[in-house]
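The residues making up each chain are set out below.
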Amino acid sequence: MSRPAPSLFAEEDLPDNLAPWEIAEQADRWYAEVVFSLPLTTIFHYQVPNDLRERLQPGCRVEVPFGRGNQSKTGYCVGVTREAPTGRTIKSLTAILDREPLLDAHLLELTRWIGDRYLCGWGQVLDSVIPAGVKAGSGTRDIQFYTAAPDAAERLASSKLPPKQRAVIQVLLDHAAPMPIGDLTAAADCGPGPIQTLRQKGWIVADRRRTMVAEFDAGPIEPHTPIHLNLEQQRVVDTVLAALRAQQHQTFLLHGVTGSGKTEVYIRTIEEVVSYGRQAIVLVPEISLTPQTIRRFRSRFASVAVLHSHLTDAERHAQWRLIAEGQVQVVVGARSAVFAPTPHLGLIVIDEEHETSFKQDNTPRYHAREVARHRAALMRVPLLLGTATPTLESWLRVQRREDQLLSLPRRVAKLPLPPVVVVDTRNDPLIQNKQRAIGRALFTSMQQALKSDGQIILFLNVRGFSPLMLCRGCGNSLRCPDCDLTLTWHKQHCKALCHGCGHEIPPPAACPKCHRPGMQMLGMGTQRLEQEVHSSFPGVSCLRMDSDTMKARGSHHDALEQFRHGDVRILLGTQMIAKGLDFPNVTLVGVVDADTSLRQPDLRARERTFQLIAQVAGRTGRSARGGRVLVQTACPDDSAIQFAAKHDFLGFAKQELEERRDCQAPPFRQSVRVIIRGLTEDLVQAESERLVKLIRTVAPANVRVLGPAPCPIAKLQKYFRFHLQMTSDDREALRQTWLATAPLFTPAKDVEYAVDVDPLNLR
Ligand code: ADP
Ligand code: ZN
């Protein structure tokens, strides 16, 4: 969609001191509004040459002369106007780079909003959300298309053509649309020869078109057994459908315990959306894009596009095209699928709304939930957020009646939630010394589960063998030279690896500082846990899933299939296995170390711990066989753990919100974090202090400025890092403060900064 074409000047609008030819010229002038991939809020104007006017539409990329040197630069046309900006000479754009807009008017508006809300340039947003494959036209080629000449039918009646050539003409006459050579030779059962001859004789005309050649394999549709919704599910579906039919925007928070049938609710609602000829977008965390999830959607809808991070540029482009043409009913994808160019959007669903992967951690640092909220409002369609553990942000909105709460408090088929046993590890010296990962209680439970033919999931969110290599002599720990992080010992590949930058060295035989031989390996990672499982349960098949073992495309799928078929009895891994998996035979889940998450120096550490326990607990008790959960911790009395053990989200949310209110933290206050980095520590610090001073001069009374201080990870990939925060209960005040500061602050050479609105991680 483009802006309505501005009407010609009305007579009375015309200035009266211009000559008639000047009037004609002015009335005829068009300007392109152009943004660049730069952290600027400015929109630039370029004159549109007459011969390009017809083809220029908002959403196309254009080539323009930029800056003093008039270097050629690519920008995005975001509007076409007849209003000339005054007071400066206006250059002309030199070329239009796209035949069709890359985004429609709604998505353009959405990207503008993101620039505003997340304090970055509109062009930066456009550059980030339009996939590289779409910009490059990956997977397309110029192909000849053939049509019969206008007089071909007439000539055919009166002339004698060899049979092959006659067949070609007949095919083209029968076929309404132009045909590419491959289709034509196949239909006429001939080679390219007759076609060339006909073309030379003027019987047919050829024209080159840019065509998608990448094929996209959607996979087979699988059968499914029909499911009757229970009363609670039906009520939820009806409520969302009512909003859908009323063409109203409403955000619903579906709080449903794990296994309460949320996915089934999404599917039913989407069926209705699809029946109106509209499309739905379903966002899931990347790690939930498992074959299991995809299979469920594929078995219910004829055309499902799956947008995951392993697509090639050509595949992504092919999907984007199909979606934009309205050929896809349901788009299932990770964060960036919120920008899928559906022509008639009917509904957006976000599953596992609490997942932090919905926030992008480079510019634009948007949160897909907030973008979805805005997109759904623009399109006047419902947004459905589903989770067993809502974020406190979403929970507060429900309490303030900004969003509507829907609940599925019970699992389907009357299955109870599994009992959660909290195991105090403080009196288990082997665990305390990190010599062992599996304590006595967990060990016994594992034995029992295996004896009764059950399967086990063990969760530990630390990869590698041990995260700390310490010298017994001088107490020195092995650290990365480029990051403020300790190196993790990866025993299997015999290396000491930095998880911040990938720097690796052979594990030193002696302390690099005091040269005492032998380093002590401390702490427990998944590799070490795997080794312990092997030695404690010899002969029992065990599989480790973490980013080290799951590098190859398809390995994730293969691993889960092995587990599904029972070839693997014990599955252990990082957060990769905490979500979404639905295996009825899992009768035991062990959280090896709940304290890893609880001890993080982060405002949301308790919230994340609660979520983690609730999510892993969701992996068991999914059949009549039942199941149980063991949580090992040295903080058994922590309320996050206690509430999680009782499956009491309401209790947890109430207490945690009170605490957040008392300390004036999100979600009660908004915050903007600025990270400053550079290769020279003193300079970074000086620039950070200068920036804070500038902010203080413009900030109104309701904006608090904290810092600067070194980031918790004070050095990363050679860069020294400082940060500061602005907080306020007034989002607009924060925005205005930054907009007033940014133009005043040009960082010194080699110092950069990044702005993070509503930061989720403060590392
Ligand atoms: P959630 O998304 O809340 O974890 P799911 O939608 O995955 O829950 O449902 C859990 C299991 O229960 C799935 O295997 C699903 O097919 C099944 N299920 C969902 N709704 C019903 C129902 N009304 N009756 C029977 N089984 C159901
Ligand atoms: Zn490093």
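Residues numbered from 1 in each chain as written. Chains lettered and ligands numbered in written order. Predicted model: local features only at pLDDT ≥ 70, side-chain atom pairs only at ≥ 80, totals over all residues. Heavy atoms only, no water.

Visitor: What is the right way to read the overall build of the protein from this model?
Guide: Assigned secondary structure in the protein consists of 25 helices and 30 strands. C-alpha atoms of the protein, sized along the principal axes, occupy 95 × 70 × 60 Å. Residue burial in the protein is summarised as follows: out of 763 residues, 51% are buried. Taking all contacts inside the protein whose residues are at least 6 apart in sequence as the whole, residues at least 24 apart take part in 75%. Approximately 35300 Å² of the protein is accessible, and the part contributed by carbon and sulfur atoms is 51%. (Helix = DSSP H or I, 4+ residues; strand = E, 2+ residues; numbered from the N terminus. Buried < 20%, exposed > 50% of the residue type's maximum accessible area, 1.4 Å probe, protein only. Contact = heavy atoms within 4.5 Å. Areas by Shrake-Rupley, 256 points an atom, 1.4 Å probe, with all protein chains shown as cover.)

Visitor: Help me out: how do you make sense of helix α25 (residues 731-741) in this one?
Guide: Counting along an α-helix, one turn takes 3.6 residues, and residues three or four places apart therefore face a common direction. Taken together, the buried positions of α25 are Ala 733, Leu 734, Arg 735, Thr 737, Trp 738 and Thr 741. Against α3 (105-117), β27 (670-678), α24 (681-698), β29 (719-728) and β30 (751-757) lie the buried residues of α25. Where α25 starts, the residue carrying a side-chain oxygen 3.1 Å from the main-chain nitrogen of Glu 732 turns out to be Asp 730. (Polar contact = N/O pair within 3.5 Å; in protein donor to acceptor, adjacent residues only side chain to side chain.)

Visitor: Looking at this structure, how should I read the coordination of the zinc ion (ligand 2)?
Guide: Coordination sphere of the zinc ion (ligand 2), protein contribution only: Cys 480 (SG), Cys 483 (SG), Cys 498 (SG) and Cys 501 (SG), at 2.2 to 2.4 Å. Viewed at the metal, the 4 donor atoms of the zinc ion (ligand 2) are separated by angles of 106 to 113 degrees, and the geometry they form is tetrahedral. In primary sequence terms, the donor set of the zinc ion (ligand 2) follows C-x2-C-x14-C-x2-C. Residue classification places Cys 501 among the partly exposed positions, given a relative accessible area of 30%. (Donors = N, O, S within 2.8 Å, 3.2 Å for Na, K, Ca; no water. Tetrahedral: all angles 85-135°; square planar, octahedral: opposite > 155°, others 65-115°.)

Visitor: I tried to follow the nonpolar core on my own but got confused; where do I start?
Guide: Buried together is how nonpolar side chains tend to be arranged in soluble globular proteins. Counting 111 residues, the largest nonpolar core has Leu 126, Met 545, Leu 571 and Met 726 as the members making the most contacts within it. Contacts of Leu 571, omitting those with residues within four sequence positions, involve Ile 456, Ile 457, Leu 458, Leu 543, Met 545, Leu 560, Phe 563, Ile 577 and Leu 581. Counting residues in hydrophobic clusters, the runner-up holds 32 residues, among them Ala 243, Leu 244, Ile 270 and Phe 297. (Core = buried A, V, L, I, M, F, W, Y, C linked by side-chain atoms within 4.5 Å.)

Visitor: Would you take a moment to explain the packing of helix α21 (residues 605-617) against helix α23 (residues 649-662) for this structure?
Guide: Two quantities define a packed helix pair, namely the angle between the helix axes and the distance between the axes. As a packed pair, α21 and α23 sit with axes 11 Å apart at the nearest point and diverge in direction by 170 degrees. When the axes of α21 and α23 are compared, the pair comes out roughly antiparallel. Here α21 contributes Arg 606, Glu 607 and Phe 610 to the contact with α23, which in turn contributes Phe 649, Phe 652, Gln 655, Glu 656, Glu 659 and Arg 660. Of the residues contributing to the contact of α21 with α23, the split by class is 3 nonpolar, 1 polar and 5 charged. (Axes fitted to C-alpha atoms, helices over the stretch in contact; angles between N-to-C directions. Parallel < 35°, antiparallel > 145°, perpendicular 65-115°, else oblique. Nonpolar A, V, L, I, M, F, W, Y, C, P; charged D, E, K, R; others polar.)

Visitor: Mind showing me how you'd approach the sheet that holds strand β13 (residues 345-351) here?
Guide: As a general point, the strands of a sheet are linked pairwise by backbone hydrogen bonds and lie either parallel or antiparallel. Spatially, the 7 strands line up as an open sheet ordered β11-β12-β10-β13-β14-β9-β15, and their pairing is parallel. Each of the sheet's edge strands pairs with one partner strand only, and the pair in question is β11 (304-307) and β15 (404-408). The mean inter-strand angle of the sheet, taken between neighbouring strand axes irrespective of direction, is 20 degrees. Two strands pair when backbone bridges link them, and strand β9 (residues 251-256) and strand β14 (residues 383-387) are joined in this way by 5 bridges, in the parallel orientation. Of the residues in β14, the one forming a bridge with Leu 254 is Gly 386. Running at roughly 155 degrees to β15, helix α10 (residues 231-245) makes contact with β9, β13, β14 and β15 of the sheet. (Pairing = 2+ DSSP bridges.)

Visitor: I'm lost on the pairing of strand β4 (residues 71-81) in this one. Help?
Guide: Successive residues of a regular strand alternate their side chains across the two faces of the sheet. Alignment of strand β1 (residues 31-35) against β4, held across 5 bridges, turns out to be antiparallel. The residue of β4 that forms the bridge with Glu 33 is Gly 79. Between strand β3 (residues 61-66) and β4, which pair antiparallel one after the other, the connecting turn spans 4 residues, and Gly 67 there sits at a positive phi close to 75 degrees.

Visitor: In this structure, what is going on with unusual backbone geometry? I would like to understand it.
Guide: Cis rather than trans, the peptide bond between Thr 363 and Pro 364 has omega equal to -5 degrees. Along the chain, the position of Pro 364 falls in the loop between β13 and α14 (368-379). Pro 666 connects to Pro 667 through a cis peptide bond whose omega is 10 degrees. As for its position among the elements, Pro 667 is in the loop between α23 and β27. A positive phi angle, near 70 degrees, is found at Asp 453, a position not held by glycine. Relative to the assigned elements, Asp 453 resides in the loop between α17 (440-451) and β17 (455-459). Judged by relative accessible area, which is 52%, Asp 453 ranks as exposed.

Visitor: Could you clarify how one ought to interpret the packing of α3 against helix α4 (residues 122-129) in this entry?
Guide: Closest axis-to-axis distance for the α3/α4 pair is 8 Å, and the angle between their directions is 120 degrees. Overall, the two elements α3 and α4 adopt an arrangement that is oblique. Every pair of crossing elements has a handedness; the one defined by α3 and α4 is right-handed. Taken together, the residues of α4 that come into contact with α3 (itself represented by Leu 108, Thr 111, Arg 112, Ile 114 and Gly 115) are Trp 122, Val 125, Leu 126 and Val 129. (Left-handed = near helix turned anticlockwise from the far one by under 90°.)

Visitor: Would you take a moment to explain the pattern of salt bridges for this structure?
Guide: Two side chains with opposite charge may pair up if their charged atoms get near one another. One pass over the structure, following the stated rule, counts 43 salt bridges. In this structure, Asp 756 and Lys 359 form a salt bridge, with 2.6 Å as the shortest nitrogen-oxygen distance. Here Lys 359 lies in the loop between β13 and α14 and Asp 756 lies in strand β30, a separation of 397 residues in the sequence. Take Asp 756 and Lys 359: they sit in the same class, and that class is buried. Taking the shortest distance from any N to any O, the salt bridge between Asp 546 and Arg 544 comes out at 2.8 Å. Neither residue differs from the other here; Asp 546 and Arg 544 are each classed as buried. A single salt-bridge network, built from bridges that share partners, covers Glu 353, Arg 369, Glu 370, Arg 373, Arg 397, Glu 402 and Asp 403. (Salt bridge = Lys/Arg side-chain N within 4 Å of Asp/Glu carboxyl O.)

Visitor: I'm lost on the site of ligand 1 in this one. Help?
Guide: Every one of the 16 residues lining ligand 1 counts as a neighbour, but His 228, Gln 233, Gly 259, Thr 263 and Arg 296 are closest to it. Within the side chain of Gln 233, an N or O atom sits 2.7 Å from a nitrogen atom of ligand 1. The separation between an oxygen atom of ligand 1 and a polar main-chain atom of Lys 262 is 2.9 Å. Considered on its own, ligand 1 offers 560 Å² of accessible surface; in the complex 75% of this is hidden by protein. (Near = heavy atom within 4 Å.)

Visitor: I'm lost on the sheet that holds β4 in this one. Help?
Guide: Spatial strand order, β2-β1-β4-β3-β5: 5 strands in an open sheet with antiparallel pairing. Each edge of the open sheet carries a strand with a single partner, namely β2 (44-47) and β5 (95-96). Judged from the 6 bridges that link them, β3 and β4 form a sheet pairing that is antiparallel. Pairing of Glu 63 across the sheet is with Thr 74, part of β4. Sheet strands in contact with α4 are β1 and β4, and its direction is about 100 degrees off that of β4.

Visitor: Sorry if this is basic, but what is going on with the environment of Gly 256 here?
Guide: Within the secondary structure layout, Gly 256 lies in strand β9. Relative accessible area serves as the criterion here: at 0%, Gly 256 is assigned to the buried category. For the pair Gly 256 and Leu 460, spaced 204 residues apart in sequence, the C-alpha to C-alpha distance is 25 Å.

Visitor: Sorry, what's going on with the confidence of the model for the protein here?
Guide: Atom-level detail of predicted coordinates should not be read off regions where pLDDT is low. Averaged over the protein, the pLDDT score is 89; the fraction of residues at 70 or greater is 94%. Scored below 50 in pLDDT, residues 1-16 shows 14 contacts in the model against residues more than four places distant or in partner chains. (pLDDT = per-residue confidence, 0-100.)

Visitor: What is the right way to look at the pairing of strand β28 (residues 704-716) in this model?
Guide: Pairing geometry for β28 and β29, over 7 bridges, is antiparallel. Considered in β29, the bridge of Pro 710 is made with Phe 722. What sits between the antiparallel neighbours β28 and β29 is a turn of 2 residues, in which Gln 717 has the positive phi angle 50 degrees.

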